[in-house]
Amino acid sequence: MINHIPARRILVPMDFSPPALHALSAAMALARRFNSVLQLLFVMEPETVIGMDPGGGSIAMFPPLAGASQTLKGARERLKLVAAPYHGPTSIRTVVGTAVGMILRTIVRGRADLVVMGTHGRHGLERALFDSKAEAVVRRSPVPVLTVHSGQRPLHLRRLLCPFNLTSHAERALLYACGLAREVEASVSVLYVRDQRTWEEDARLALKAKLRQLLGSRGSHLPLRIIEGRTPEVI
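In this text the structure is predicted, and so the values were computed from the model without any measurement. Throughout this document, residue positions are counted from 1 along each chain, in the order its sequence is written. Only residues with pLDDT of 70 or above have their local features reported here, since the model is predicted, and side-chain atom pairs are shown and tallied only from 80 upward, although totals for entire chains, interfaces and linings are computed over all residues. Hydrogen atoms and water are omitted, and side-chain values are computed over all heavy atoms in the structure.

**Student:** Looking at this structure, I do not really get the sheet that holds strand S8 (residues 159-163). What am I missing?
**Tutor:** In sheet architecture, strand pairing relies on hydrogen bonds along the backbone and comes in two forms, parallel and antiparallel. The pairing criterion is simple: DSSP has to find at least two bridges between the two strands. For the purposes of this entry, the term helix denotes a DSSP run of H or I that reaches at least four residues, the term strand denotes a run of E that reaches at least two, and both are numbered from the N terminus. Here we have three strands laid out as an open sheet, ordered S8-S9-S10, and parallel in their pairing. Among the strands making up the open sheet, the edge pair consists of S8 and strand S10 (224-228). Mean inter-strand twist for the sheet, computed between neighbouring axes without regard to direction, equals 25°. Direction of pairing for strand S9 (residues 187-194) relative to S10: parallel, over a ladder of five bridges. Bridged to Val190 within S10 is Leu224. Two residues form a contact once any of their heavy atoms are found within 4.5 Å. Note on definitions: angles span 0 to 180 degrees between N-to-C directions of axes, and those axes are lines fitted to C-alpha atoms, for helices only across the stretch in contact. Sitting on the sheet, helix H6 (residues 168-184) touches S8 and S9, and the angle it makes with S8 is about 170°. Running at roughly 140° to S10, helix H7 (residues 201-215) makes contact with S9 and S10 of the sheet.

Rendered as structure tokens:
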């Protein structure tokens, strides 16, 4: 299912880190353009995970109730402060739980159309420790997720790159990208990454035929690049 474009409700998980604040700035830019409801979410996570339950879930140890209450109250005040530059409709929620689970739950309960969240852009062990939450949300979210690195330029959606591998997921992503591009008056380019050294012209024609099937006549005119290599590096 393609979510509503433009996004009526934009969810921003917030931990007040530089990447999260940068993501909030990007979300505000989109929200102003679309007149969206900005949904801010702060999750107070457990102090430690002490084991696994029989179903494979984690058993967490949360801070005392009194301490949690003070933390949530302080977070709510900070959320109001960072949301002040946005003059459109805003909702604020502070909860206790695990970040990924609460974000996914809030997407459904709050009927979010888009999630905008920060990521540190780390690699290796640092990525496993710090960016696994953003990756987990991207993989499991029922709605599109825009991840924003700290230090990126202000958000200006002028050119959208859509990797396409002929799967149903890629088809939905391409349809969403084209819908978003229409709303923000941006261009869309399609990228197909091939991992074989042999490439026949028939395969290119089949790829173009799929684009026409999905997008009609517009699919015939989308810029299409076919590059050999490993997908993450090529993108």
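**Student:** Please explain the pairing of S9 as it appears in this structure.
**Tutor:** Within a regular strand, the side chains alternate between the two sheet faces. In terms of residue burial, S9 counts as a mostly covered element, since six of its eight residues are buried. Relative to S9, S8 runs parallel, the two being bridged by five bridges. Its bridge partner being in S9, Arg159 is matched across the sheet by Ser187. With its strands directed away from the observer, a crossover is right-handed exactly when the path from the first strand over the helix to the second travels clockwise. Between S8 and its parallel partner S9, the chain crosses via H6, and the hand of that crossover is right-handed. Remark: exposure states derive from per-residue accessible area (1.4 Å probe, protein chains only) relative to the maximum for the residue type, with buried under 20%, exposed over 50%, and partly exposed in between.

**Student:** I'm lost on the packing of H6 against H7 in this one. Help?
**Tutor:** Helix packing geometry: the angle between the two helix axes and the distance between the axes. Where H6 contacts H7, the two axes come as close as 11 Å, and the packing angle between them is 60°. Classified by the angle their axes make, H6 and H7 are oblique. Note that H6 runs across H7; the crossing there is right-handed. For the pair H6 and H7, contact is made by Glu171, Leu174, Leu175 and Cys178 and by Lys210, Leu211, Leu214 and Leu215, respectively. Only Asp, Glu, Lys and Arg are considered charged in this grouping, and only Ala, Val, Leu, Ile, Met, Phe, Trp, Tyr, Cys and Pro are considered nonpolar; every other residue, Gly among them, is considered polar. For the contact of H6 with H7, the residue count by class is six nonpolar, no polar and two charged. Should an angle fall under 35 degrees it is called roughly parallel, over 145 degrees roughly antiparallel, and 65 to 115 degrees roughly perpendicular, with every other angle called oblique. Each crossing gets its hand from how the near helix is turned against the far one by less than a right angle, where anticlockwise is left-handed and clockwise is right-handed.

**Student:** Sorry, what's going on with the sheet that holds strand S2 (residues 37-44) here?
**Tutor:** Taken in spatial order, the five strands of this open sheet run S5-S2-S1-S6-S7, and their pairing is parallel. Taken across any chain shown, the strands that pair with only one partner, and hence form the sheet edges, are strand S5 (90-96) and strand S7 (145-149). Averaged over all pairs of adjacent strands, the angle between strand axes in this sheet comes to 20°, irrespective of strand direction. Pairing between strand S1 (residues 9-13) and strand S6 (residues 114-119): two bridges, direction parallel. Considered in S6, the bridge of Leu11 is made with Val115. This element, helix H1 (residues 18-34), spans S1, S2, S6 and S7 of the sheet and lies at about 150° to S6.

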